[in-house]
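Working through the structure, step by step
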Amino acid sequence: ILLAYSYLCQGYTQLKTRQKMIWNETIECMSREQLRDLQSQRLRKMADYVYHNTPFYRKKFQEMGLEPGDIRDIDDIVKLPFTNKLDLRDNYPFGLTAVPMSQIVRIHASSGTTGKPVVVLYTRKDLAMWTEAISRAFTAYGATKNDIFQVSYGYGLFTGGLGAHDGATNIGASVIPMSSGNTQKQITLMHDFGTSVLCCTPSYAMFLAETLKDCEWPRDEFKLRIGAFGAEPWTEEMRHKLETSLGIKAYDIYGLSEISGPGVGYECECQNGTHLNEDYFYPEILNPETGEPMPEGQLGELTFTHLTKEGMPLLRYRTHDLTALHYEKCACGRTLVRMDRILGRCDDMLIIRGVNVFPSQIESVILSLPEYEPHFLLTVDRKDNTDTSELQVEVKEEYYTDEMSTMVGLQKKLEAELRSVIGLGFKVRLVEPRAIERSTGKAKRVIDKRKL
Ligand code: DLL
């Protein structure tokens, strides 16, 4: 009898611990059938909503001969039109809004190829939904109101800082709104304030880990125990390195501005895939070439449909992120689909130290200045787990000289312009005219040596 009682107690304790690590058990552990019903009901409503509130979608529906009533359940999603970054740019800045601007309470943006940013709009309800999504993530990592979060994602137009901030506040934790950079101060406050959860990109976490190793305080004076790392691709090897060097558990957090920001997906304690918040964002995996749905478990392009968004809903938004989905229930108890690590992107966007960079942005900066030829070669690498970039740029004949100080001046000028427009420090190496190999077909402008 005693043995049975002790087993019961053990089971009860395990259940309670598990429940503590699930923010919204009703949704996160809902049966797949119930979830499907919820998704179907929300998709029907969404088709009707966008048709009646966004001229962009009404036009698309009409062109396809589609009526909102044709969407009866979630399987009908394949009838809906795709959207992509270009649609957002073409409708810059507020053309895709489904509500009057008086209902928009937040505007975020991410950089893009044309120089015009991609704009994302949120109503109060959208912010609440996003905050709920991130609260689920942080709770899954085992964070509670007793934690102190250091949010070292950039605050501003980028969704990382404010997104993590709101999620941490919502679970009742204390938040240090650090933003990125200022590395020595990051370490000092981490020590003095007793930071227990660190939110930043994995590459910045690595930089912090190195700085921490050389700092004046021993590791046992730090309370750090959890890392919420994302915004750029990272590997299992990197996770291992971060976990051992920082002495923490490192969890993945996935998201993109267009869909809300961080918290579209998150890992649980099983670290066996990234759970997607499917009740808000319906995921599909498509063949990137044909747009046809791929069988479960196969690699393809991740595509999302907003099921509840009010401000700027997107239907079948092509993320260009390559991954696969798995639907069997997770050992943590969650039924939400699990996504593999993002393998990469099917377009040419690079992510360097967490910043999105398009080669055409570099070209546009180079061409805006008179001294350089439009010929460049970007080499991206990863040294000591931090991204490095060297940009070779040709100088025009009339500006090219053997005089060192003039050339250094030119180099600094271009570096400053790149930093101001793209928001990233490139190491520029100026080369003489015609030094960069010409191509007769597509020019190869990027050599990415990182092993991601
Ligand atoms: O990076 C949102 C975010 C902030 C996510 C903080 C996680 C943490 P964007 O700047 O719009 O938004 O970039 C989105 O970054 O399409 C992926 O290619 C990549 N990405 C984001 N999270 C991950 C991740 C934010 N965990 C783009 N793993 C996405 C791999 C990621 N890639």
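First, a word on scope: everything that follows refers to the structure included in this document. (Residues numbered from 1 in each chain as written. Predicted model: local features only at pLDDT ≥ 70, side-chain atom pairs only at ≥ 80, totals over all residues. Heavy atoms only, no water.)

1. Quick notes on the overall build of the protein
Stated precisely, the cut-off is as follows: The numbering of helices and of strands both runs from the N terminus, where a helix is a DSSP run of H or I of at least 4 residues and a strand a run of E of at least 2. The cut-offs for exposure are 20% and 50% of the maximum accessible area for each residue type, with area from a 1.4 Å probe on protein chains only; residues under the lower value are buried, those over the upper are exposed, and the others partly exposed. For this analysis, residues touch if any pair of their heavy atoms sits within 4.5 Å. Areas reported here follow the Shrake-Rupley algorithm with a probe of radius 1.4 Å; residue values treat only the protein chains shown as occluding. Counting rule for charge: Lys and Arg are taken as positive, Asp and Glu as negative, and neither His nor the chain ends is counted. Taken as the charge location is NZ of Lys, CZ of Arg, CG of Asp or CD of Glu.
Helix and strand counts for the protein stand at 12 helices and 21 strands. Judged by the C-alpha coordinates and their principal axes, the protein covers about 90 × 65 × 40 Å. When each of the 452 residues of the protein is scored for burial, the buried share is 53%. A separation of at least 24 residues holds for 65% of the contacts in the protein among residues at least 6 apart in sequence. Carbon together with sulfur atoms contributes 52% to the accessible area of the protein, which is approximately 20600 Å² in total. When the 54 basic and 61 acidic side-chain charges of the protein are each reduced to a single mean position, those positions are 3 Å apart.

2. Describing the site of the ligand
Cut-off, in case you're wondering: Throughout, near means a residue has at least one heavy atom within 4 Å of the molecule or strand. What qualifies as a polar contact is a pair of N or O atoms within 3.5 Å, subject to a donor-acceptor requirement within protein and to the restriction that residues adjacent in sequence count only when both atoms come from side chains.
What surrounds the ligand is a group of 21 residues, the closest being Asp-252, Ile-253, Ser-257, Asp-321 and Arg-345. Here Ile-253 contributes a backbone N or O atom positioned 2.8 Å from a nitrogen atom of the ligand. Here an oxygen atom of the ligand and a side-chain polar atom of Ser-257 are 2.6 Å apart. Coverage of the ligand by the protein amounts to 97% of the 600 Å² it exposes when considered alone. Listing elements by their share of the shell around the ligand, those giving two or more residues are α7 (159–170) and β7 (249–256). Here the shell around the ligand takes 5 residues from β7, the largest share from any one element.

3. Details of the nonpolar core
Using the following cut-off: Only buried Ala, Val, Leu, Ile, Met, Phe, Trp, Tyr and Cys residues count toward a nonpolar core, and they belong to the same one when joined by side-chain atoms within 4.5 Å.
Residues Phe-138, Tyr-141, Phe-149, Cys-199, Tyr-254 and Phe-304 are the most contacted members of the largest nonpolar core, which totals 71 residues. Of the residues forming this core, the biggest block, 8 residues, is contributed by helix α6 (residues 124–140). Look past the residues within four positions of Cys-199 in its chain and what remains in contact with it is Phe-138, Phe-149, Gln-150, Val-151, Ser-152, Tyr-153, Ala-164 and Ala-228.

4. What to know about the environment of Leu-286
Structurally, Leu-286 is set in strand β10 (residues 281–286). Between the C-alpha atom of Leu-286 and that of Arg-318, which follows or precedes it by 32 residues, the distance is 8.9 Å. Sequence-distant contacts of Leu-286, that is, excluding residues within four places in its chain, are made with Phe-82, Gly-291, Glu-292, Pro-293, Met-294, Gly-300, Glu-301, Thr-303, Arg-316 and Arg-318.

5. Some words on the state of the cysteines
Where we set the bar: Any cysteine sulfur atom paired with another within 2.5 Å is treated as part of a disulfide.
What the rule picks out here adds up to 0 disulfides. Not engaged in a disulfide, the cysteine Cys-270 finds its nearest cysteine sulfur in Cys-330; these two sulfurs lie 4.0 Å apart. Owing to a relative accessible area of 30%, Cys-270 belongs among the partly exposed residues under this scheme. The thiol of Cys-330 is unpaired, and the distance to the nearest cysteine sulfur, on Cys-332, comes to 3.6 Å. Overall, Cys-330 belongs to the buried group, its relative accessible area being 6%.

6. Points about a nonpolar patch on the surface
Operational definition: In this analysis, a patch consists of residues with relative accessible area above 30% that form no salt bridge, clustered at 9 Å for like charges and at 5 Å for the nonpolar side chains Val, Leu, Ile, Met, Phe, Trp and Tyr. For salt bridges, the criterion is a side-chain nitrogen of Lys or Arg within 4 Å of an Asp or Glu carboxyl oxygen.
On the surface, Phe-94, Met-101 and Ile-107 cluster together into a nonpolar patch covering about 240 Å² of accessible area. With respect to the helices and strands, Met-101 occurs in the loop between α5 (85–90) and β1 (104–110). Owing to a relative accessible area of 34%, Met-101 belongs among the partly exposed residues under this scheme.

7. Details of the pattern of salt bridges
One pass over the full model with this rule turns up 26 salt bridges. Two residues, Glu-132 and Arg-136, come together in a salt bridge whose shortest N-O distance is 2.8 Å. In this pair, Glu-132 and Arg-136 are both assigned in helix α6, 4 residues apart and thus about one turn of the helix distant. Across the pair, exposure class does not vary: Glu-132 and Arg-136 are buried alike. A cluster of three or more residues bridged by salt bridges with shared partners is formed by Glu-236, Arg-239, Glu-267 and Arg-341.

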